[in-house]
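Topology and contacts: notes
Next come the chains, spelled out residue by residue.
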Amino acid sequence: MLRLPNERARPSFGRPPPTQETPPADGVFRPALVNGVTLGSIYGLIAIGYTMVYGIVGMINFAHGDVFMIGAFLSLIVFLALTSIGITFVPLALLLVLFVAMALTALYGWTVERVAYRPLRGSFRLAPLISAIGMSIFLQNYAQVTQGARFKPLPPVVTGGHKFGAVDGFGVNISNVQIIIVLLTVALMVAFTLIVSRTNLGRAQRACEQDRKMAALLGVDVDRTISLTFVMGAALASVAGLMYLLYYGVVDFYIGFVAGVKAFTAAVLGGIGSLPGAMIGGLLIGLIETFWSAYFSVEYKDVAAFSILIIVLIFLPSGLLGRPEVEKV
Amino acid sequence: MTALLSLEGVTAYYGSIAALKGVDVEVSEGEIVTLIGANGAGKSTLMMTIFGSPQARDGRIVYDGRDITRTPMHEIARLKIAQSPEGRRIFPRMSVLENLKMGAAVTQFAHYDEDLERMFAIFPRLKERAAQRGGTLSGGEQQMLAIARALMSRPRLLMLDEPSLGLAPLVAKQIFSVVKELNEKDGLTVFLVEQNAYHALKLAHRGYVMVNGKITMSGGGRELLEKPEVRAAYLEGGR
Ligand SMILES: Nc1ncnc2c1ncn2[C@@H]1O[C@H](COP(=O)(O)OP(=O)(O)OP(=O)(O)O)[C@@H](O)[C@H]1O
Ligand SMILES: [Mg+2]
């Protein structure tokens with residue numbers, strides 16, 4: 001793999017990235033809101049991968065966060081490659097990066113399932129889980145060995161922003177990166193919901209989730225459906241990786257672990273197995289983190305996020321949109 | 001008559017426990033064949049073994065001249081064998097319509113609209129409930145849906161595991177007459193497992209009796225119905 005140059009500053013989830021400095025006139029609330037929605041979009045896209053795989057295979061794919069990290073790296077590599085061959089028109093470059101990174105990351109997702117999970121299907125319940133943790137460590141090390149341990153920078157690609165609302169008082173500054181992230185997330189969510197609810201593939205996925213054996217009896221190739229689920233999850237994670245890269249301007253081998261834990265939390269908070277739940281959970285975690293950082297302290301933002309998770313799970317054990325089991329069997 | 005489906009010396013195991021101990025069964029094109037037997041005899045196991053789960057350990061399963069003993073389950077479904085399995089297995093969080101679509105998927109939806117009309121004509125109840133979630137249907141409605149879902153795949157061989165289970169006598173009768181009609185009009189081959197031995201044997205051309213993982217008797221439907229052993233074990237008092 002192409003070796004990327006290094007960067008010194010260490011960014012942090014939840015803190016506005018260095019490139020996104022907002023004028024003080026906005027106060028604290030509005031930037032926190034915008035930043036929280038942006039961050040929440042990224043978490044939500046990753047959370048979908050957790051929730052879908054859990055729904056169909058019944059396992060937590062702990063390597064999913066690292067697939068997101070691979071997606072971010074691949075996005076960076078494709079960006080630099082495009083720049084070096086002279087494609088600098090930003091919308092075109094973004095589009096190319098998006099599709100190439102999605103395709104390549106999807107290949108990683110597919111391979112992970114094929115190599116680490118499929119051979120263990122039908123084995124004891126914890127086997128794929130252990131394998132997933134191994135895969136996560138492997139992917140981190142793989143990125144570290146091929147790219148080094150330091151942060152890799154991307155020069156700001158999308159710059160500028162817009163002021164929305166009244167000029168004096170209640171306006172809010174939203175950067176172009178934030179606009180792209182939120183719009184892209186909404187578009188992907190709509191597309192994804194349509195795939196799952198309307199297409200034959202989506203129906204087959206839901207069938208596998210509800211009764212795998214019956215799905216096979218009706219001619220559904222369960223292995224292929226599971227593979228495609230991993231492919232879809234990885235493609236969404238790669239988009240999240242690209243967004244992260246654009247937003248924070250740097251990547252390293254460890255971002256997948258942090259983002260993975262948060263996105264997994266988001267999936268559980270929203271109700272694991274539920275697609276809208278994953279998105280809502282992602283947004284909530286993003287908002288809690290940014291608001292806690294803005295009003296209290298950045299250091300304890302994770303404590304806040306996880307405390308909310310615990311409180312929600314005490315009162316709604318299956319998460320916000322998780323389904324209570326009421327069906328007749 | 002050539003056999004559409006034949007099992008030769010099939011054994012199947014759950015772990016180390018034998019559930020099928022060398023079963024020979026033949027179903028010819030255009031026939032209705034029924035399999036009766038006490039609880040735990042291995043009838044449902046036989047139905048599932050034809051689809052490869054549990055897989056036959058010994059013996060051979062041949063369908064339409066092709067050995068399907070080791071064929072993966074989803075590929076067997078594509079050979080135009082459909083099963084309404086034990087327990088109905090309706091997708092609980094899908095609507096009635098979506099459940100039917102799942103049945104039609106193997107045909108690439110080639111005759112979907114036409115077949116849907118036909119199912120709604122046979123089971124008007126399903127039409128009324130088209131948008132309802134499968135899991136909230138009554139037991140009888142689920143049974144109708146399971147049969148309709150199997151028929152949506154336009155099978156040559158229809159396998160039904162206890163289709164009359166939990167149905168009101170009138171509805172059970174209706175299901176049997178649907179089976180008979182499909183067999184007579186469309187030449188559909190049917191392999192039927194039933195507790196309701198009287199109705200099943202009356203309907204079927206031929207029948208098999210299974211005891212403890214083995215076929216102990218076979219013959220014409222009416223012929224079995226007359227046998228004192230069958231009457232004693234499966235009919236008297238059972239009806
Ligand atoms: N998944 C399983 N694991 C272990 N044993 C099983 C399993 N399924 C069935 N059996 C056993 O295999 C035997 C045959 O079961 P099967 O379900 O085929 O009977 P059946 O003839 O369909 O009975 P019924 O009329 O009650 O439906 C039974 O003794 C049952 O306990
Ligand atoms: Mg049974």
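For the structure itself, consult the block above.
Scoring rules and cut-offs
The numbering scheme is per chain: residues are counted from 1 as the chain's sequence reads. Each chain is given a letter, starting from A, and each ligand a number, starting from 1, according to the order in which they appear as written. Residue-level local features of this predicted model are given only where pLDDT is at least 70; pairs of side-chain atoms are given and counted only at 80 or more, and the full residue set underlies all totals for whole chains, interfaces and linings. Calculated side-chain values reflect all of the structure's heavy atoms, with hydrogen atoms and water omitted. Comment: elements are numbered from the N terminus, with helices defined as DSSP H or I runs of at least four residues and strands as E runs of at least two. Both definitions apply: the radius of gyration is a C-alpha atom measure, and the globule rule equals 2.2 Å times residues to the power 0.38. Three labels apply to residues, based on accessible area from a 1.4 Å probe with only protein chains included: buried if under 20% of the type maximum, exposed if over 50%, partly exposed otherwise in between. The contact definition used throughout considers only heavy atoms, calling two residues in contact when any of these lie within 4.5 Å. Buried area is understood as the total, over both parts, of accessible area removed when two parts are fitted together, assessed with a 1.4 Å probe. For this document, the term salt bridge refers to a Lys or Arg side-chain nitrogen within 4 Å of an Asp or Glu carboxyl oxygen. Polar contact is the term for a pair of N or O atoms within 3.5 Å; when the atoms are in protein, one must be able to donate a hydrogen and the other to accept it, and sequence-neighboring residues count only if both atoms are side-chain atoms. In this count, Pro and Cys sit with the nonpolar residues alongside Ala, Val, Leu, Ile, Met, Phe, Trp and Tyr, while Asp, Glu, Lys and Arg are called charged and the others, Gly among them, polar. Each residue is tested against the molecule or strand, and it is near if at least one of its non-hydrogen atoms lies within 4 Å. Using the Shrake-Rupley algorithm and a 1.4 Å probe, accessible areas are obtained, with residue cover drawn only from the displayed protein chains. The rule is short: rings of Phe, Tyr and Trp, with Trp giving its six-membered ring, pair when the centres are within 6.5 Å, and they are stacked under 30 degrees, edge-to-face over 60, tilted in between. Our definition puts a charge over a ring when NZ of Lys or CZ of Arg is within 6 Å of the ring centre and also within 35 degrees of the ring normal. A patch is a set of surface residues, each over 30% in relative accessible area and not in a salt bridge, joined within 9 Å for like charges and within 5 Å for the nonpolar side chains Val, Leu, Ile, Met, Phe, Trp and Tyr. A donor here means any N, O or S atom no more than 2.8 Å from the metal (3.2 Å for Na, K and Ca); water is not included, so a site may seem to lack partners. Think of each axis as a best-fit line through the C-alpha atoms, taken over the contacting stretch in the case of a helix, with angles from 0 to 180 degrees between the N-to-C directions. For classification purposes, angles smaller than 35 degrees are called roughly parallel, those larger than 145 roughly antiparallel, those between 65 and 115 roughly perpendicular, and all remaining angles oblique. Each helix crossing is assigned a hand: it is left-handed if the near helix lies turned anticlockwise from the far helix by less than a right angle, otherwise right-handed if that turn is clockwise. The directions considered for the arc are those from the helix axis to the C-beta atoms. Paired strands, in this sense, are two strands between which DSSP finds at least two bridges.

A few words now on the overall build of chain B. Secondary structure summary: chain B contains 10 helices and 10 strands in total. Relative to the compact-globule value of 18 Å for 239 residues, chain B shows a C-alpha radius of gyration of 17 Å, a close match. In terms of overall dimensions, chain B has C-alpha extents of about 45 × 40 × 35 Å along its principal axes. Expressed as a percentage of the 239 residues in chain B, the buried residues total 56%. Contacts spanning at least 24 positions in sequence make up 66% of the contacts within chain B whose residues lie at least 6 apart.

Let us look at the interface of chain B and chain A. Interface extent is often summarised as the accessible area lost during association of the parts. Taken residue by residue, the interface counts 27 residues in chain B and 21 residues in chain A. For the pair chain B and chain A, the summed buried area comes to about 2300 Å², and 58% of that belongs to carbon and sulfur atoms. Across the chain B-chain A interface, the total number found is 3 salt bridges. A salt bridge links Glu98(B) to Arg206(A); its shortest N-O distance comes to 2.7 Å. Scanning the region where chain B abuts chain A turns up 6 residue pairs in polar contact (both at pLDDT 80 or more). Of all the secondary-structure elements, those providing two or more residues to the side of chain B that touches chain A are helix H2 (73-77), helix H3 (96-104) and helix H6 (139-151) of chain B. It is H3(B) that provides the largest number of residues to the side of chain B that touches chain A, a total of 4 residues. Classifying every residue of the side of chain B that touches chain A gives 12 nonpolar, 7 polar and 8 charged.

A word on the site of ligand 1. Residues and elements named next belong to chain B. Near ligand 1, the surroundings consist of Tyr14, Ala38, Asn39, Gly40, Ala41, Gly42, Lys43, Ser44, Thr45, Glu86, Glu162 and Gln195. Threonine 45 has a polar side-chain atom sitting 2.5 Å from an oxygen atom of ligand 1. Out of a free accessible area of 640 Å², ligand 1 has 58% covered by protein chains. It is helix H1 (residues 43-50) that provides the largest number of residues to the shell around ligand 1, a total of 3 residues.

A few words on the packing of aromatic side chains. Enumeration according to the criterion identifies 14 aromatic pairs over all chains in this entry. A centroid spacing of 5.5 Å and a plane angle of 25 degrees characterise the contact between Tyr254(A) and Phe257(A), whose relative ring orientation is stacked. Among the residues examined, Tyr254(A) registers a relative accessible area of 35% and is labelled partly exposed. Note on Phe257(A): relative accessible area 40%, which makes it partly exposed. Ring pairs connect the aromatic residues Phe68(A), Tyr244(A), Tyr247(A) and Tyr248(A), which therefore count as one cluster. For Arg57(B), the ring lying beneath its charged end belongs to Tyr13(B), and the centroid distance is 3.8 Å.

For helix H6 (residues 200-210) of chain A, the buried fraction is high: 8 of the 11 residues fall into the buried class. All of the buried residues in H6(A) are Gly202(A), Arg203(A), Ala204(A), Gln205(A), Arg206(A), Ala207(A), Cys208(A) and Gln210(A). In this fold, the buried residues of H6(A) make contact with helix H1 (29-57), helix H5 (176-198), helix H7 (212-217) and helix H8 (222-248) of chain A together with H3 of chain B.

Turning our attention to the side chain of Arg149(B). Considering the arrangement of structural elements, one finds Arg149(B) in helix H6. In this structure the side chain of Arg149(B) is engaged in a polar contact, spanning 3.4 Å, whose partner is the side chain of Asn99(B). Residues within four places of Arg149(B) in sequence aside, it is in contact with Met214(A), Leu218(A), Pro85(B), Arg88(B), Arg89(B), Ile90(B), Phe91(B), Asn99(B), Leu100(B) and Gly103(B).

Bringing a nonpolar patch on the surface into the picture now. Residues and elements named next belong to chain A. On the surface, a nonpolar cluster with roughly 840 Å² of combined accessible area is contributed by Ile280, Leu284, Ile310, Ile311, Ile314, Phe315, Leu316, Leu320 and Leu321. Those elements that place two or more of their residues in the nonpolar patch are helix H10 (275-295) and helix H11 (301-315). Structurally, phenylalanine 315 is set in helix H11. Assessed through its relative accessible area of 67%, phenylalanine 315 is described here as exposed.

Attention now moves to the coordination of the magnesium ion (ligand 2). Those donors, Ser44(B) (OG) and Glu86(B) (OE), are the protein atoms that reach the magnesium ion (ligand 2), and they lie 1.9 to 2.3 Å from it. Here Ser44(B), found in helix H1, pairs with Glu86(B), found in the loop between strand E6 (81-84) and H3; they are 42 residues apart in sequence, far enough to count as distant.

In this structure the tally under the stated criterion is 20 salt bridges over all chains. A salt bridge links Asp302(A) to Lys262(A), with the nearest nitrogen and oxygen atoms 3.1 Å apart. Residue Asp302(A) is located in helix H11, and its partner Lys262(A) is located in helix H9 (residues 255-270); the two are separated by 40 residues in the primary sequence. Judged by its relative accessible area of 28%, Asp302(A) is partly exposed. Owing to a relative accessible area of 3%, Lys262(A) belongs among the buried residues under this scheme. Glu141(B) is the salt-bridge partner of Arg129(B), the closest N and O atoms lying 3.6 Å from each other. Taken together, the residues Arg129(B) in the loop between helix H5 (124-128) and H6 and Glu141(B) in helix H6 connect sequence positions 12 residues apart.

With that settled, the discussion passes to the packing of H1(A) against H5(A). A pair of packed helices is characterised by two quantities: the angle between their axes and the separation of those axes. Residue and element names in this part refer to chain A. Direction vectors running N to C along H1 and H5 enclose 30 degrees, while the axes themselves pass 9 Å from each other. By the angle class used here, H1 and H5 are roughly parallel. For the element pair H1 and H5, the recorded crossing hand is left-handed. Between H1 and H5, the contacting residues are Val34, Asn35, Val37, Thr38, Ser41, Ile42, Leu45, Ile48 and Met52 on the first element and Gln178, Ile181, Val182, Thr185, Leu188, Met189, Phe192 and Val196 on the second.

A word on the side chain of Asp66(A). Residue and element names in this part refer to chain A. Locating aspartate 66 in the fold gives a position in helix H2 (residues 64-84). Judged by relative accessible area, which is 1%, aspartate 66 ranks as buried. With residues near it in sequence (within four places) discarded, aspartate 66 still touches Ser136, Leu139, Gln140, Gly256 and Phe257.

Turning our attention to helix H4 (residues 112-122) of chain B. Each turn of an α-helix holds 3.6 residues, which means side chains three or four residues apart point in the same direction. Residue and element names in this part refer to chain B. Of the positions making up H4, those classed as buried are Tyr112, Asp115, Leu116, Met119, Phe120 and Ile122. The buried residues of H4 occupy one face: seen down the axis, they fall within an arc of 160 degrees. Along H4, exposed side chains directed more than 90 degrees from the buried face belong to Asp113, Glu114 and Ala121. Where H4 is buried, its residues contact H3, H5, H6 and helix H7 (169-186).

Let's shift gears to the sheet that holds strand E5 (residues 66-67) of chain B. Residue and element names in this part refer to chain B. Reading across the sheet, the 4 strands line up as E2-E1-E4-E5 and stay open at both edges, with antiparallel pairing between neighbours. Bordering the open sheet on either side are strand E2 (17-28) and E5, each of which pairs with just one other strand. Pairing geometry for strand E1 (residues 3-14) and strand E4 (residues 58-63), over 5 bridges, is antiparallel. What sits directly across from glutamate 8, in E4, is arginine 60. Sheet strands touched by H1: E1, E2 and E4. Its angle to E1, the strand with the most contacts, is close to 115 degrees.

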